[in-house]
Amino acid sequence: MTGKQGLQPISDDERLIFDELLRDVGDVEFEATYPLDGEFFTVCDGGREYWYHRGPQTNFALPGGRSRPRYAGQCRDPEIEDRINRARGANVDTFRLRNGAETLRQRGWTSPTHMEGRVLKALSEAGVFRLRSVLVGSVAYQAYSGLLGFRLPCASLRTDDVDIAVDFGISNSIDDTCDDIPAALRAVDPSFSPKPHLNDHTMMASFKSSTDFQVEFLATHRGSDEHTGRLSPLRSLGPHMAGVPLRYLDFLIKHPVRSMVLFDSGIGVTVPAPERFAVHKLIVAASRRAGNPKILKDLAQASELINAHAEKGWIGRLELAWVEAWARGGSWRAKLANSLKKLDKTTQMLLPH
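The model shown is predicted, which means the values in this text are computed figures rather than measured ones.

Colleague: Which residues make up the sheet that holds strand 4 (residues 70-74), and what values do they have?
Modeller: Ordered in space as 2-3-4, the three strands form an open sheet in which the pairing is antiparallel. Each of the sheet's edge strands pairs with one partner strand only, and the pair in question is strand 2 (39-45) and strand 4. Between one strand axis and the next, the sheet turns through 35 degrees on average, direction left out of account. Of the pairings in the sheet, the one linking strand 2 to strand 3 (residues 48-54) comprises seven bridges and is antiparallel in character. If you follow Asp-45 over to strand 3, its bridge partner there is Arg-48. Relative to strand 3, helix 2 (residues 78-85) is tilted by about 40 degrees, and along the sheet it contacts strand 2, strand 3 and strand 4.

Colleague: Give a detailed account of the state of the cysteines, specifying residues and quantitative values.
Modeller: Applying the stated criterion across every chain, the model contains zero disulfides. Of the cysteine sulfurs around Cys-44, a residue in no disulfide, the closest is that of Cys-75, at 9.0 Å. On the basis of relative accessibility, which here comes to 11%, the residue Cys-75 falls in the buried class.

Colleague: So what's going on with the layout of surface pockets? Residues and values would help.
Modeller: The space that makes up the second largest pocket amounts to roughly 740 Å³. What lines the second largest pocket is a set of 23 residues, among which Leu-218, Leu-246, His-280, Val-284 and Arg-288 lie closest to the centre. Breaking the lining of the second largest pocket down by element, the ones donating at least two residues are helix 5 (138-141), strand 7 (161-166), strand 10 (214-220), helix 9 (249-252), helix 10 (274-287) and helix 11 (294-312). For the lining of the second largest pocket, the element with the highest residue contribution is helix 10, accounting for five residues. Residue composition of the lining of the second largest pocket, grouped by class: ten nonpolar, five polar and eight charged.

Colleague: Got a sec to walk through the nonpolar core? Specific residues and values, please.
Modeller: Counting residues in each nonpolar core, the largest one holds 96 residues, and the members touching the most others are Val-119, Leu-123 and Leu-135. Looking at this core, the element that brings in the most residues is helix 11, giving seven residues. Residue contacts for Leu-135: discarding those within four places in its chain leaves Leu-120, Phe-129, Ala-140, Val-162, Asp-163, Ile-164, Val-269, Thr-270, Val-271 and Pro-272. Within the second largest apolar cluster, eight residues are counted, among which are Trp-51, Ala-72, Ile-80 and Ile-84.

Colleague: Could you give an account of helix 10, with specific residues and numbers?
Modeller: Taking 1.5 Å per residue as the helical rise, helix 10 with its 14 residues ought to reach 20 Å, and the 20 Å between its terminal C-alpha atoms agrees with that figure. Counting buried residues along helix 10, twelve of its 14 residues qualify, which places the element largely inside the surrounding structure. Those residues of helix 10 that fall on the buried side of the exposure criterion are Pro-274, Glu-275, Arg-276, Phe-277, Ala-278, Val-279, His-280, Lys-281, Leu-282, Ile-283, Val-284 and Ala-285.

Colleague: Tell me about unusual backbone geometry, and please be specific about residues and values.
Modeller: Even without a glycine there, the phi angle at Arg-76 is positive, about 70 degrees. Examined against the element boundaries, Arg-76 turns out to sit in the loop between strand 4 and helix 2. In this structure Arg-76 comes out as exposed when scored by relative accessible area, which is 61%. Of note in the backbone geometry, Asp-160 takes a positive phi value of approximately 60 degrees without being a glycine. On the secondary structure map, Asp-160 appears in the loop between strand 6 (150-151) and strand 7. Here Asp-160 falls in the partly exposed class, since its relative accessible area comes to 48%.

Colleague: Talk me through the packing of aromatic side chains; I want residue IDs and the actual numbers.
Modeller: Here the distance between the centres and the angle between the planes together describe a pair of aromatic rings. In total, this model carries 16 aromatic pairs according to the counting rule given. Aromatic pair Phe-40 and Trp-51: ring centres 6.5 Å apart, planes at 90 degrees, arrangement edge-to-face. Residue Phe-40 is found in strand 2, and its partner Trp-51 is found in strand 3; the two are separated by eleven residues along the sequence. Here Tyr-141 and Tyr-144 contribute two aromatic rings whose centre-to-centre distance is 6.0 Å and whose plane-to-plane angle is 90 degrees, an arrangement assigned as edge-to-face. One aromatic cluster in this structure is built from Phe-30, Tyr-34, Phe-40 and Trp-51. It is Arg-276 that lies over the ring of Phe-251; its NZ or CZ is 4.7 Å from the centre. Sitting over the face of the ring of Trp-314, Arg-317 holds its NZ or CZ atom 3.9 Å from the ring centroid.

Colleague: Pulling in residues and values, what's your account of helix 11?
Modeller: Taking 1.5 Å per residue as the helical rise, helix 11 with its 19 residues ought to reach 27 Å, and the 27 Å between its terminal C-alpha atoms agrees with that figure. Most of helix 11 sits out of view: 14 of its 19 residues are buried. Within two residues after helix 11, Gly-313 carries a phi angle of roughly 85 degrees, on the positive side.

Colleague: Can you tell me about empty space enclosed by the protein, naming the residues and giving the values?
Modeller: In this structure the tally under the stated criterion is one cavity of 30 Å³ or more. Every residue lining the largest cavity is listed: Phe-18, Trp-109, Thr-110, Gln-142, Ala-143, Gly-146, Met-260, Val-261 and Leu-262. Grouping the constituent residues of the lining of the largest cavity by class yields six nonpolar, three polar and no charged.

Thresholds, definitions, all that
- Residues numbered from 1 in each chain as written.
- Predicted model: local features only at pLDDT ≥ 70, side-chain atom pairs only at ≥ 80, totals over all residues.
- Heavy atoms only, no water.
- Pairing = 2+ DSSP bridges.
- Helix = DSSP H or I, 4+ residues; strand = E, 2+ residues; numbered from the N terminus.
- Axes fitted to C-alpha atoms, helices over the stretch in contact; angles between N-to-C directions.
- Contact = heavy atoms within 4.5 Å.
- Disulfide = S-S within 2.5 Å.
- Buried < 20%, exposed > 50% of the residue type's maximum accessible area, 1.4 Å probe, protein only.
- 1 Å grid on protein atoms, 1.4 Å probe; cavity = no way out; pocket = protein on both sides within 12 Å on 5 of 7 lines; lining within 4 Å.
- Points joined across faces, edges and corners; volume = space filled by probe spheres on them.
- Nonpolar A, V, L, I, M, F, W, Y, C, P; charged D, E, K, R; others polar.
- Core = buried A, V, L, I, M, F, W, Y, C linked by side-chain atoms within 4.5 Å.
- Expected span 1.5 Å × (residues − 1).
- Phe/Tyr/Trp six-rings, centres within 6.5 Å; stacked < 30°, edge-to-face > 60°.
- Lys NZ or Arg CZ within 6 Å of the ring centre and 35° of its normal.

Structure, rendered in structure tokens:
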């Protein structure tokens, strides 16, 4: 199992390239989504304020000549408010973007497969990440190297799928929807089709291509057992779209962060905070049946992230995530304790116990 020994620090110039790419990719996507000839305004909902944008796009026109507002983000999100308030319209050098992304790939940074990249680009352009969905799973793990400052060996692991997590409450409170997700996936590969769900044939949560590449949408569990085995409708994803409800997912995607995957010139994504990803992997590992080969991958990813936080001087962030999970009850504590004893001794000593 990898730990501190498997971590390779990225160089200062690589970190600079990553930071510039992350900023510029965000600027490009923001400019394309919210044209200059539109306007931003705020909406108060449930005591919180949110930014929306109204533009002249004819494909979003509503009766009476008004355009459908597009959700832009939460008020007081520093990154969103910076982009809204500062001068806009400056052209980003697309050649520099492509060159920067290619430089990192040539230096050994993990990048998605061609299919992973095309699927992520299609989902991003459809508005999935704009509407606060979160990329999870092994593809999300690729996005942590630049944030933590280390090459992570487990980032190269492949699973032939893309998993998107959605908070049920957030999805059904946002007054906006993605573009047609099934159509976006078919544009990548015409063979993509919805996988029938055992208990619900009216909604779509999983899609599979003829090559068995899978895209699945997951939803936070609403607590009651009556929802177990049934899909959860997710309004922000569009008509008839839903998610497979999973326990522990609410912990994973609480306070997500922005990062980037190195496909083409870079794709901006939202991923779980790395400290939560690590703790969640410990819970997942203990939830699998004995002998499942995925347990070793879960523990290896958790170990890498724990050690990366320690090397970065961020172990306090991980301790807070651990304490939060530990306080959620006996079942959570039992799973954490079970996985903890399977980590190497050095990694174990980095966690409260």
